[in-house]
Amino acid sequence: MKNLNIKKNLMTAISYLIPFVCCSGMLMVVGNILGGQTIKNFNGDMHVADVLFTLGGDGLGLLAVFISMFIAYAIADRTGIVPGFLCGVLCKEYGYGFLGGLLAGFLAGYLANYLKNTIKLPNWFEGIKPMLILPFLTTLIVGLVMRYIIGIPINALQGFITSTLTTLQGGSILVLGLVVGILSAVDYGGPINKVVFVFCLGLMSEGYTTPMNALISASMIAPLGLTICYLLSRIIKKDIFSSDETNALKSAFIMGCCQITEGSYPIILNDLVRITICTAIGAAVNGALVFYWECTNPIAWGGFFTIPGQNHPGLWTAALLIGSCIFAILCLFLKKKPSASTAESEEEQDLNLSSIKISG
Amino acid sequence: MNIVGVAACVAGVAHTYIAKEKLIKAAQKAGHTISMETQGQIGIEDELSSEKIKNADVVILAVDTAIKGRDRFTGKKVVEIPTEVAVHSSGKLIKHIEENLKL
């Protein structure tokens, strides 16, 4: 299983996907602000706003195609592109959604790779292999498997997930919000956050955008919370930020507003455990509030840039600020000023390095 | 020792560059020469020259995604880690490589 590199290939595809969802979401938002609507008749009258809104919506509708193609590409390189694309189209048409696109991409990629290495043709015939045989065979097999075997449980599963989520009430919504909030924020844009991102994106393509909305604000808790904490510490004259940290905080704040948590790293790393406790609690509250107030928005990434798309911009911002303030107050009590000497020696985390192998 | 490396993370805007900075800092502190290439959202920056790769004793790949041009390192000693390791423990990583490489 290890050689399959599932995580790395998925992450490669996600890395291509992020600007795609940002761009499509933003088009929808701009179109929406200008009063655009989905165009139904492409020969009739249309406004610029309609064009933008429809383009963005079509883009998000193609998520399954995009993810399938880029997973297959990550696995099988060029050979994966065509089968990944076509199987993604199949997933979109038959309603297998994002989840189906993920599976189709992996199947197409691995099969394309396998066929590439197993099919041996005489030299004079070799040219036809990448041109016709590989894409055709891979698409044929994966397409039929998706349509007649895997598609059936996927449709059922999707129906189940959507109906469960839309009927969730009261306490269970809050719990879901807590979990999404914590998991999105706790590793500051690292691998856990990206796994949640995939999960939320899947729900988003089914039209359920609240989880992604919680992820967006939860990712901003740490940088905004640190900024608030700094301001509070100045007010009550509690000296807990070193001058290096104060400098780092400026870029952390700006990056945080755009939902890039990593700018806070220099500060977080000085005191990883304590600050992560603050982050988890702040993000949990924030996530629960976003779910409780049913905040939705069509953009999958972008921090404060998602505000034009928010159905309740005020409540979403309130959830974000409440979470950040909780973070800030906790942090104010827990955080210690790094002494000059420890800042110099840079204490490092004890990761298990013994498993790291040098190959070659 | 001569180190070359590639950093690439998922979003390709932050971890990639932090990992690069941390590795360069840690390697120089330990007295090694190092060149890092980044493969972020913007594309390849500071691309490693074939000469640098040829002269390198070890290749550090701090990558969360599949990278471009991996075949450049065929036959080299390659250490592959998630960017997280480079961000959190670059000093220890360099030390670990020193101990295990036995130059």
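The rules behind each value
Residues numbered from 1 in each chain as written. Chains lettered and ligands numbered in written order. Predicted model: local features only at pLDDT ≥ 70, side-chain atom pairs only at ≥ 80, totals over all residues. Heavy atoms only, no water. Domains from an automatic or database assignment. Buried area = accessible area lost by both parts, 1.4 Å probe. Salt bridge = Lys/Arg side-chain N within 4 Å of Asp/Glu carboxyl O. Polar contact = N/O pair within 3.5 Å; in protein donor to acceptor, adjacent residues only side chain to side chain. Helix = DSSP H or I, 4+ residues; strand = E, 2+ residues; numbered from the N terminus. Core = buried A, V, L, I, M, F, W, Y, C linked by side-chain atoms within 4.5 Å. Buried < 20%, exposed > 50% of the residue type's maximum accessible area, 1.4 Å probe, protein only. Contact = heavy atoms within 4.5 Å. Axes fitted to C-alpha atoms, helices over the stretch in contact; angles between N-to-C directions. Parallel < 35°, antiparallel > 145°, perpendicular 65-115°, else oblique. Left-handed = near helix turned anticlockwise from the far one by under 90°. Nonpolar A, V, L, I, M, F, W, Y, C, P; charged D, E, K, R; others polar. Expected span 1.5 Å × (residues − 1). Bend = angle between axes of the 7 residues up to and from the residue. Pairing = 2+ DSSP bridges.

A. Up close: the domain arrangement of chain A. Residues and elements named next belong to chain A. According to the domain assignment, chain A contains domain 1 (2-167) and domain 2 (170-345). Of note, the centres of domain 1 and domain 2, computed from C-alpha atoms alone, are 31 Å apart. Its largest share of buried area at the contact with domain 2, domain 1 owes to Val29, Phe98 and Leu165, together 28% of the area lost on that side. In this structure, the connection of domain 1 to domain 2 is made through zero salt bridges. Linking domain 1 with domain 2 are one residue pair in polar contact (both at pLDDT 80 or more), by the criterion used here. Counting only elements with at least two residues in the side of domain 1 that touches domain 2, the list comes to helix H1 (6-33), helix H5 (97-118) and helix H6 (128-167).

B. Examining the nonpolar core more closely. Counting residues in each nonpolar core, the largest one holds 95 residues, and the members touching the most others are Ile14, Leu17, Val21, Leu201, Met212 and Leu226 of chain A together with Ile81 of chain B. Looking at this core element by element, the count peaks at 13 residues for helix H9 (residues 210-235) of chain A. Mapped onto the domain boundaries, this core takes at least three residues apiece from domain 1 (2-167) and domain 2 (170-345) of chain A. What Val21 of chain A contacts, discounting residues up to four positions off in sequence, is Leu60, Leu63, Phe197, Leu201 and Ala300 of chain A. Counting residues in each nonpolar core, the second largest holds 16 residues, with Ala72, Cys91, Leu111 and Ile133 of chain A among its members.

C. Expanded view of the packing of H1 of chain A against helix H2 (residues 48-61) of chain A. Residue and element names in this part refer to chain A. Two elements in contact, H1 and H2, have axes separated by 7 Å at closest approach and are oriented at 150°. As far as their axial angle goes, H2 and H1 are roughly antiparallel. Like other packed secondary-structure pairs, H1 and H2 cross with a definite hand, here left-handed. Contacts from Phe20, Val21, Ser24, Leu27, Met28, Val30, Gly31 and Asn32 of H1 reach H2 at Ala49, Leu52, Phe53, Leu55, Gly56, Gly57, Gly59 and Leu60. Among the residues making up the contact of H1 with H2, the classes are represented as ten nonpolar, six polar and no charged.

D. The arrangement of the environment of Ala27 of chain B in detail. All names here are of chain B. Tracing the backbone through its elements, the reader meets Ala27 in helix H1 (residues 15-29). Distance in space between the C-alpha atoms of Ala27 and Lys76 is 18 Å, their sequence separation being 49 residues. Those residues within four positions of Ala27 in sequence are excluded, and the remaining contacts are Ile3, His32, Ile34 and Ile94.

E. Main features of the interface of chain B and chain A. At the interface, 35 residues of chain B touch 33 residues of chain A. Interface area for chain B against chain A, summed over the two sides, is near 2,700 Å², with a carbon-plus-sulfur share of 60%. The largest share of the area that chain B buries against chain A comes from Val10, His88 and Lys92 of chain B, three residues that together contribute 23% of it. Taken together, the links from chain B to chain A amount to one salt bridge. Here Lys8 of chain A and Glu80 of chain B are joined by a salt bridge, their closest N and O atoms 2.1 Å apart. Counting across the chain B and chain A interface gives five residue pairs in polar contact (both at pLDDT 80 or more). Listing elements by their share of the side of chain B that touches chain A, those giving two or more residues are H1, strand S5 (78-81) and helix H3 (83-101) of chain B. Here the element with the most residues in the side of chain B that touches chain A is H3 of chain B; it accounts for 13 residues.

F. Summary view of unusual backbone geometry. All names here are of chain A. Unusually for a residue other than glycine, Lys237 sits at a positive phi of about 55°. Among the secondary structure elements, Lys237 is positioned in the loop between H9 and helix H10 (243-257). Although it is not a glycine, Gln259 adopts a positive phi angle of roughly 65°. Turning to its location among the elements, Gln259 is positioned in the loop between H10 and helix H11 (265-268).

G. Local environment of H9 of chain A. Residue and element names in this part refer to chain A. Taking 1.5 Å per residue, 26 residues should reach 38 Å; H9 reaches 35 Å between its end C-alpha atoms and fits that length. At Ile221, H9 shows its maximal kink, close to 40°; a proline, Pro223, follows between one and four residues later. Among the 26 residues in H9, 22 count as buried, and that is most of the element. The positive-phi residue at the C-terminal boundary of H9 is Lys237, with phi of around 55°.

H. Looking closely at the side chain of Thr227 of chain A. Structurally, the position occupied by Thr227 of chain A is in helix H9. Residues in contact with Thr227 of chain A, not counting those within four places in the same chain, are Leu249 and Phe253 of chain A.

I. The pairing of strand S4 (residues 58-63) of chain B, seen in detail. Residues and elements named next belong to chain B. Of all six residues in S4, six are buried, a share of seventy percent or more. Taking every second residue as pointing to the same face, both faces of S4 are buried, with Val58, Ile60 and Ala62 on one and Val59, Leu61 and Val63 on the other. Note that S4 and S5 share four bridges and pair parallel. Looking across to S5, one finds that Val59 is bridged to Val78.

J. Broad picture of the sheet that holds strand S1 (residues 358-359) of chain A. If you trace the six strands from one edge of the open sheet to the other, you get S1(A)-S5(B)-S4(B)-S1(B)-S2(B)-S3(B), paired in mixed fashion. The open sheet terminates on both sides in strands that have one partner only, identified here as S1 of chain A together with strand S3 (43-45) of chain B. Pairing of strand S2 (residues 33-40) of chain B with S3 of chain B, which is carried by three bridges, proceeds in the antiparallel orientation. Its bridge partner being in S3 of chain B, Gln39 of chain B is matched across the sheet by Ile44 of chain B. In the packing of H1 of chain B onto the sheet, the strands contacted are strand S1 (2-8), S2, S3 and S4 of chain B, and the crossing angle to S2 of chain B comes to about 175°.

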